Amino acid sequence: MIILDDNRWTLPTSLVSATSEATALPAVMTQHPERTAVWRSLTQSGVQALDCDLGSVMSLDTVAVANAKLIMGGTLVLQNRGTGSTPGSAVTVLTIDDLDDETLAVLETFPAISARHVRLLWTNPSSLLDYAECGAIGLGPGFVPVDDPQWGFPMNRLDPSVLTSAPDGQATVTQRRQFASGEWDLRWNTTADLDRLRQWYRRVGTSTPFFASFYEVLDWTSLYMRLTGQRGLTGLAQGIFDVAITWEETR
Amino acid sequence: MRLYPPFSVYGERIVVFQGVGTPVAAPAPTLTVDRRLYARFEALRSLVTDFRSLGIPVASSYVPNLADLLAWPVRETIALVELEPSVTLSGFLAVDSPATTYQIPCPAFEPHPIYPGGVYRPVIGVRENATDLVGVSSVLAVGATQGSYFWDAAGDMLYVHSTTDASPDTFAAYQAFVRLHLATTGIVLNRTGEAAGGVYFWPWITGQSPATDDALSDDLFAVKSTAGGTLQATNGHEFWYRVFAPDGVWNWKNKSVRLLLGGRYRGLEVPYSGYLPLATMLVDDVACDDTLASWTLKPPVGILDQSLPVTPLFESAWPNIDPNVRGQYAPIGYGRTTMTPLLVDTSGSGTYLIADPAFQSLSAVHQVTAVASDGTRTGLTLTTDYTVDLAGCTITIVNPTYAPSATGIVVDVTGSPLVTFAGIVRDILQTFCGVRNADLDVASFMQAATDAPEELSVWLTSQRTINSILATSEAEQPSLERSVLGLVRQNSAGLWQVRIRSAVQSPGTSTVELATDDFAVFTPESTLASAFASTTVFFGQDTESGAWQTTQAFDDATRYLQETTDGGNPLYTFLIDAGDAQTLAQRYQLIAGGKRHSITFTERGALLYASLVGDVAAVSFAPAPTSSGMFEAETLELSEIRKTIAPIPQISGVFRSLHGLGNKGWAWAPDDAPDDWDDCSDTERSLYGFWADDSGLIDSGDGATANLKVWA
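Residues numbered from 1 in each chain as written. Chains lettered and ligands numbered in written order. Predicted model: local features only at pLDDT ≥ 70, side-chain atom pairs only at ≥ 80, totals over all residues. Heavy atoms only, no water.

What follows is about the overall build of chain A. Regarding its fold elements, chain A presents 1 helix and 16 strands. Across the 251 residues that make up chain A, the buried fraction comes to 54%. Look at the contacts in chain A between residues 6 or more apart in sequence, and 71% of them connect residues 24 or more apart. Entry remark: accessible area of chain A is about 10,200 Å², with carbon and sulfur atoms responsible for 50%. (Helix = DSSP H or I, 4+ residues; strand = E, 2+ residues; numbered from the N terminus. Buried < 20%, exposed > 50% of the residue type's maximum accessible area, 1.4 Å probe, protein only. Contact = heavy atoms within 4.5 Å. Areas by Shrake-Rupley, 256 points an atom, 1.4 Å probe, with all protein chains shown as cover.)

What follows covers the pattern of salt bridges. Where charged atoms from two side chains of opposite charge approach closely, those side chains can pair. This structure, assessed with the given rule, holds 28 salt bridges over all chains. For Glu249 of chain A, the salt bridge goes to Arg157 of chain A, with nearest N and O atoms at 3.4 Å. Taken together, the residues span a long stretch of sequence, with Glu249 of chain A in strand β16 (residues 240-249) and Arg157 of chain A in strand β10 (residues 155-158) at a distance of 92 residues. Since its relative accessible area comes to 1%, Glu249 of chain A is described here as buried. For Glu315 of chain B, the salt bridge goes to Arg326 of chain B, with nearest N and O atoms at 2.9 Å. (Salt bridge = Lys/Arg side-chain N within 4 Å of Asp/Glu carboxyl O.)

Residue and element names in this part refer to chain B. With 6 of 6 residues buried, strand β41 (residues 534-539) lies mostly within the body of the structure. What you see with β41 is no split at all: Ser534, Thr536 and Phe538 on one side and Thr535, Val537 and Phe539 on the other are buried throughout. Bridging between β41 and strand β42 (residues 549-554) involves 6 bridges; their strand directions are antiparallel. What sits directly across from Thr535, in β42, is Ala553. (Pairing = 2+ DSSP bridges.)

Further remarks concern the interface of chain B and chain A. Counting residues at the interface gives 43 residues for chain B and 36 residues for chain A. Note on chain B versus chain A: buried area summed over both sides is about 3,100 Å², and carbon and sulfur give 62% of it. On the surface where chain B and chain A come into contact, there are 0 salt bridges. Seen at the junction of chain B and chain A, the total is 10 residue pairs in polar contact (both at pLDDT 80 or more). Those elements that provide at least two residues to the side of chain B that touches chain A are β4 (74-88), β17 (199-201) and β40 (519-524) of chain B. When residues in the side of chain B that touches chain A are grouped by element, the largest group, 4 residues, is from β4 of chain B. Of the strand pairs in this sheet, strand β12 (residues 171-174) of chain A and β4 of chain B are connected by 2 bridges, and their pairing is parallel. Its bridge partner being in β4 of chain B, Thr174 of chain A is matched across the sheet by Arg75 of chain B. (Buried area = accessible area lost by both parts, 1.4 Å probe. Polar contact = N/O pair within 3.5 Å; in protein donor to acceptor, adjacent residues only side chain to side chain.)

When pLDDT is averaged along chain B, the result is 84, and 84% of the positions lie at 70 or above. Here the prediction assigns the complex a pTM of 0.76, and the interface score ipTM is 0.90. (pLDDT = per-residue confidence, 0-100.)

Pasting the structure below:
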């Protein structure tokens, strides 16, 4: 399990720009917590990119995106543009997997890099006239709790659609977006892990969405989500703690 | 790369192109085809697969639309809300010298306390006091055009040229209208006329939403709209605090709110142009707290609450006014009438005011008559006895013999040349209510002029509300709708429409079809209490004496079978022709006098979302209270319709049958239609109404025409 508990992309000190942007859908929209509030490039035949100046050199090993639209036939690539005060040449870090059809999100880890300038590149191998789009981005050092609940975590998928019936039973369904929800029960946390979980809960609470993946190998376990309830904390033994938190996928 | 031309396979036009966007799947109707045709489809499928593997988009020419969305039983409906408040502008700086163009910062994004970048709020208009400025496309054009503006979205700057060249800061009020985009779900739509690439509709609509409720409040007449209620949006992000602040620059009172409906179905998304405007309302009040922002809304039909005539007569305008006239109102007049003019100047031999020159002129003064105290009437001669000022709406007596001290004056006059329902309603809306051409469904007015050519005489001498002039059941008060079985209403886009029931279902007009499985609730109501056996029409009022002419229509079948001699509400009309009045009496008795179905319903889906009060639908429902035990495409009129958008779109209301019209699409025979049954085509026979004789025969020599008619 990986929690992107400290998103560097959305820090107030991170400056985001794009190769091009529609007037009402600027690059800064990717820093909004609303996943549907998207950056959209202009419709062009070249590549498109989002650049982020993190303000200082940071260690990064996890990237995640939600509600992204690739250019037809292209891919999404994370690039390192150096540690200087101005961006340097781009070095590809990894090609990010396609978003999962159900969660509309993907989370990837990579060997840690030090970077101040990073780029998300939408490739356009066929030079098609198309646009790129992205709703939310996560970038930072991922947190892997000691106790990994990848085996046995409860994860329910809910459909809040509304059904109206006719006298004979025929139904009209007003569809609403499905979402996953559940509860983490992180057992056997050390004091160090507990401190990080406590800091994270204080920082994001129930207000700020974040990325997490229950099992990185399975794309459908990568979610853009928010905490929905209280943080339960149980001291099991001296220096060992159980943390329980409820969560819900953002829609 | 080769660009393939469009080609066709049995009518399905497939367009292959190097283009934009994610491939979409065309709707897949069930189709049974022979083996050879199936092979061609398979070949096409393979071709499409090949194109897509090469990265070439392949799209269907099918455009997702609201009708298909509402007909599809599984759909994601999305309601959009477009708020159009204004921002007060002050602190302009001159751009040029001598100054004509002024600039003021006007950002495209309203700062948000939490979200980076802010909320998009394009400028959609600029108003100087009560005058809307004209939008132009450059700063240079602003300098060249008085009363213009240009919003530089990229530069966040607004350029203005006032109507007088003076600084905008010298005017009482300068405001820029902006648009905020909200929705029940976050969605980017390409809104025509706004930023290329799309506009984001914030997913802030929650909880309560406004509803529209339109109903006929007076039998078949008087659409009463209570559109409004409360619109709620989230405010946990605290955006609305600053834009609602009383000490801020935002103005909300009486600003527009538009609701639109669209959505997604079968993996397809309705484009913005396909969204249906549900209602346009006005903001009455705003408030917000830690969790919610709310707008109290009201319908725009309040403009019909004002009264006519509007100009009182006092010495300030007429220094020598007759004391008996002082305080009365200058009449408003359409068509021809005989009336007693108002003595507004007693000097000389007297000047009489016939109508209000601020709003109209006279078409003709046909006759001026002096009425002596003993009742003797003397026709006067133009020039010798009186002069006429058609533009000033006055006559001046020049022969002292007929001075006010000696005689009274009566005039036979035509005021405004507009004499039909459609023309008069349109003039009242535009002249007195400020309704613009763009606010009218002009086609409906043209159709109504054809459907209701009856000549009216509408002379308003004492104050009545426009609502009352349009429709009232009050005795002695004629009304326009009752004169011609008309309706005045606003459609969901806010356009004013008129409709005449002489065309209940115009030929070629599509009708919404509803069946049992389209209803969630279907409850027939009682129908006997409203039956009546006669209708009385009052017409041709003598404006001198106040006396009415009357005509009546009787329905003996109702009288005997329902054992009632009750008369329906009398119709007080502006009609002047006895034949027109008799026709109206017959028609009203026919469609309103007998037993009528009345059904309260709630729709399962939303097929009636575009329908208005007065529209008809073809309803099939079983079981139902008919002699056959069911409705089979029964033509029913909507006498009330309520529309809500959240938490799910829902339509409810009341259907009512039009009694004698039966289960037909139906229209009165137009004047140019054959009036002889023998000369009519089968279509005309099924479409039009015909008079029958006392035996119930349309053609007295043809027994087969018995009971094909509807009144005796």
